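Here is how the chains run, residue by residue.
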Amino acid sequence: MLDAGDVIDRYEIISPIAAGGMGVVYRGRHRFLGQEVAIKVLSAQLSLDERLRERFAQEAYIQGQLGHPNILAARDFITTDRYLGIVMPLVNGPSLEQLVAVERQGPWPLEEVLRVMLPVLDALAYAHARGVVHRDLKPANILLDLAADAAGGLGVPLVMDFGLARVAETQSGLTRAGTVMGTTPYMSPEQFAGSREVAPSWDVFAIGMVLWRMLAGRLPVEPDNMLACTAMYSG
């Protein structure tokens, strides 16, 4: 893990923001321009795996190509002997997961659900029109940018984390056959079964589950209950 003051390429680390399975997101600063950014850094250990390095580079490329106002952009890609990093705008606001799980538990009013999710649907349609399937849509991967919301509402939604994204037309071989990747119960039945035939319908299923959770105040099954999840998918 990087410490405050560490430098990677043109960026100085300020502090960690969040940690995940692939690495850590840091608040950073461009050493010459002074701009603060978010930097998603692949852990040094995982950087030794060429397959994961390739997947991480693909994530950066896809995120850099999708120029939509509701998709978190990639501004730069860092590559050093020890680290890979994706540089993104620094967003002031929570994830949708933080709201539905802590601050806004229970059913949401329909107008608030539409205010958040219609831009997400537009971003999803934009990505699908360009052959990109996200494969891991969930509340934790939707940021709400408070600073960009001129109306002072819940924040402008930004779809992020394209680490499992796949360009449907190319069907790249970065995922082994039968490998289940995603988050239950947001995975589609085909995704849960380990299908390699990636389709936009996978994301549509995930969005349906996000809407279910927001409107009902809960998911149809407990995410940690694999027996219940398996029963839902096999039913």
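It should be noted that the structure appears before, not after, this text.
Residues numbered from 1 in each chain as written. Predicted model: local features only at pLDDT ≥ 70, side-chain atom pairs only at ≥ 80, totals over all residues. Heavy atoms only, no water.

Caption draft 1: Helix α2 (residues 96-103), seen in detail. For α2, the full list of buried residues reads Leu96, Leu99 and Val100. Take α2 and look down its axis: the buried residues cluster within an arc of 85 degrees, on one side only. Among the exposed residues of α2, those oriented more than 90 degrees off its buried face are Val102 and Glu103. (Buried < 20%, exposed > 50% of the residue type's maximum accessible area, 1.4 Å probe, protein only. Helix = DSSP H or I, 4+ residues; strand = E, 2+ residues; numbered from the N terminus. Arc of directions from axis to C-beta.)

Caption draft 2: Quick look at the environment of Thr80. Mapping Thr80 onto the fold places it in the loop between β5 (76-79) and β6 (84-89). Residues Thr80 and Leu2 lie 78 residues apart in sequence; the distance between their C-alpha atoms is 14 Å.

Caption draft 3: How the structure looks around the environment of Val159. By the element assignment, Val159 lies in strand β9 (residues 156-159). Between the C-alpha atom of Val159 and that of Val133, which follows or precedes it by 26 residues, the distance is 12 Å. Once residues within four sequence positions are removed from consideration, Val159 is found in contact with Asn70, Ile71, Leu72, Val120, Ala123, His134, Leu137 and Asn141. (Contact = heavy atoms within 4.5 Å.)

Caption draft 4: Up close: empty space enclosed by the protein. Applying the stated criterion across every chain yields a total of 3 cavities of 30 Å³ or more. Looking at the second largest cavity, its volume works out to about 60 Å³. Lining the second largest cavity are 13 residues, and of these Ala123, Leu124, Ala127, Val159 and Phe162 sit closest to its centre. (1 Å grid on protein atoms, 1.4 Å probe; cavity = no way out; pocket = protein on both sides within 12 Å on 5 of 7 lines; lining within 4 Å. Points joined across faces, edges and corners; volume = space filled by probe spheres on them.)

Caption draft 5: Representation of the packing of α2 against helix α5 (residues 201-216) in the model. The contact between α2 and α5 brings their axes to 11 Å, and the two run at 30 degrees. As far as their axial angle goes, α5 and α2 are roughly parallel. Here α2 and α5 pass one another in a crossing that is left-handed. Touching Leu96, Glu97, Val100 and Ala101 of α2 are Val210, Arg213 and Met214, all from α5. Here the residues of the contact of α2 with α5 are counted per class, giving 5 nonpolar, no polar and 2 charged. (Axes fitted to C-alpha atoms, helices over the stretch in contact; angles between N-to-C directions. Parallel < 35°, antiparallel > 145°, perpendicular 65-115°, else oblique. Left-handed = near helix turned anticlockwise from the far one by under 90°. Nonpolar A, V, L, I, M, F, W, Y, C, P; charged D, E, K, R; others polar.)

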